Amino acid sequence: MDRIYAPWRSKYFGSHAQGCIFCAMAQNPQDDEQNHIIYRDALVFGVMNLYPYTPGHFMLLPIMHCDSPQMLPLETWLHLHSLSYKAMDMLYEYGAQGINMGLNIKKAGGAGIPEHLHMHFVPRYLGDTNFMTSIAQARTYGMDFDSVYARFKALSMKHFTQEEQK
C-alpha cells in the first residue's frame, strides 16, 4: 500500500495520554468545542471521529467508563440505543445514502480504544469507495472537518433533543 502524507493523524499515532481519552472528554464539558462534542446529556455524549472513514463519521458513548455493554446499567444501554435510532434520521438529513453503525467490543473485537465502549456511525455515499480505494489503496475526502463538525452539531441539537418518539 502506498503512503499518503497525513500530518493531522500524528496526534493519534504519537499519543500516549494517561487515562481514558473518552473519560477526559466526558468529564470536561467546558472543552466540548475543542473536542468536537456534538451532543451531551447525563448518560451519553456524541463526538465526531477525528479520523473518519467518511465525512460525518461520529460516535455515541456512555459517560460511564466501561468496556462492554453488559457492564452498563440497562437505562444507559437503552438510552444509547434510543439515540442511535435518532442518529439515522440525522445522517440522512446530512446527505448519507446509507449507514454503517456498530460496536467493536474490546481489543479482540477490533476496538481502537478498547477501554471505553463507543458506537460508530459512518455515513455512506454512493461511489464513496472509488478508484483511489480499490486501485491505489488510499482514500480522499474533499470536506473540511470543522465545517462537517459545525453541521453535525446543529443537526444533533435538532435530532437528539427531540422529545417525541417515532
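Everything here concerns the structure above.
Description of the structure in this document. Note that the structure is a prediction, hence the values are computed from the model and not measured.

1. Regarding the overall build of the protein chain
The helix and strand tally for the protein chain stands at five helices and five strands. Start at the N end of the protein chain and walk to the C end: the helices and strands fall as α-α-β-β-β-α-β-β-α-α. Looking at the protein chain as a whole, 36% of its 166 residues are labelled buried. Pairs at least 24 apart in sequence give 64% of the contacts found in the protein chain among residues at least 6 apart. For the protein chain, the exposed surface amounts to about 9,800 Å²; the carbon and sulfur share of it is 57%.

2. A look at the side chain of histidine 116
With respect to the helices, strands and loops of the structure, histidine 116 is situated in the loop between β4 (98-103) and β5 (119-124). Taking relative accessible area as the criterion, histidine 116 reaches 0% and is therefore assigned buried. One polar contact links the side chain of histidine 116 to the main-chain carbonyl oxygen of proline 62, over a distance of 2.8 Å. Filtering out sequence-adjacent residues up to four positions away, histidine 116 remains in contact with Cys20, Phe22, Cys23, Leu61, Pro62, Ile63, Met64, His65 and Cys66.

3. Points about helix α5 (residues 145-159)
It helps to recall that an α-helix has 3.6 residues per turn; residues three or four apart then point in one direction. Compared with the 21 Å implied by 1.5 Å per residue over 15 residues, the 20 Å span of α5 between its first and last C-alpha is a close match. Every buried residue of α5 is listed here: Val148, Tyr149, Phe152, Leu155, Ser156 and His159. Buried residues of α5, viewed axially, fall in a sector of 135°; they line one side. Contact partners of the buried residues in α5: β1 (37-40), β2 (44-48), β3 (58-62) and α3 (74-94).

4. A word on the pattern of salt bridges
Close approach of charged atoms allows side chains with opposite charge to pair. Under the criterion given, the structure shown has four salt bridges. Put simply, glutamate 33 and lysine 153 hold a salt bridge, and the shortest N to O gap is 2.2 Å. Note that glutamate 33 is positioned in the loop between α2 (21-26) and β1 and lysine 153 in helix α5, a separation of 120 residues in sequence. Since its relative accessible area comes to 49%, glutamate 33 is described here as partly exposed. Owing to a relative accessible area of 25%, lysine 153 belongs among the partly exposed residues under this scheme. In this structure, the salt-bridge partner of aspartate 67 is lysine 106, at a minimum N-O distance of 3.8 Å. Placement of the pair is aspartate 67 in the loop between β3 and α3 and lysine 106 in the loop between β4 and β5, with a sequence separation of 39 residues. The class for aspartate 67 is partly exposed, based on a relative accessible area of 22%.

5. Observations concerning the nonpolar core
When a protein is soluble and globular, its nonpolar side chains tend to lie buried together. Core analysis: the biggest nonpolar cluster contains 20 residues, and Ile38, Phe58, Leu60, Phe152 and Phe160 have the highest contact counts within it. At the level of secondary structure, the elements contributing two or more residues to this core comprise β1, β2, β3, α3, β5 and α5. The biggest single contributor to this core is α3, with six residues. Contact partners of phenylalanine 58, with chain neighbours within four places excluded, come to Ile38, Val47, Met48, Asn49, Ala87, Met90, Leu91, Met119, His120, Phe121, Phe152 and Phe160. One finds Cys20, Met25, Ala26 and Leu61 within the second-largest nonpolar core, a separate group that totals 10 residues.

Here is what the cut-offs are and how they apply
Residues numbered from 1 in each chain as written. Predicted model: local features only at pLDDT ≥ 70, side-chain atom pairs only at ≥ 80, totals over all residues. Heavy atoms only, no water. Helix = DSSP H or I, 4+ residues; strand = E, 2+ residues; numbered from the N terminus. Buried < 20%, exposed > 50% of the residue type's maximum accessible area, 1.4 Å probe, protein only. Contact = heavy atoms within 4.5 Å. Areas by Shrake-Rupley, 256 points an atom, 1.4 Å probe, with all protein chains shown as cover. Polar contact = N/O pair within 3.5 Å; in protein donor to acceptor, adjacent residues only side chain to side chain. Expected span 1.5 Å × (residues − 1). Arc of directions from axis to C-beta. Salt bridge = Lys/Arg side-chain N within 4 Å of Asp/Glu carboxyl O. Core = buried A, V, L, I, M, F, W, Y, C linked by side-chain atoms within 4.5 Å.

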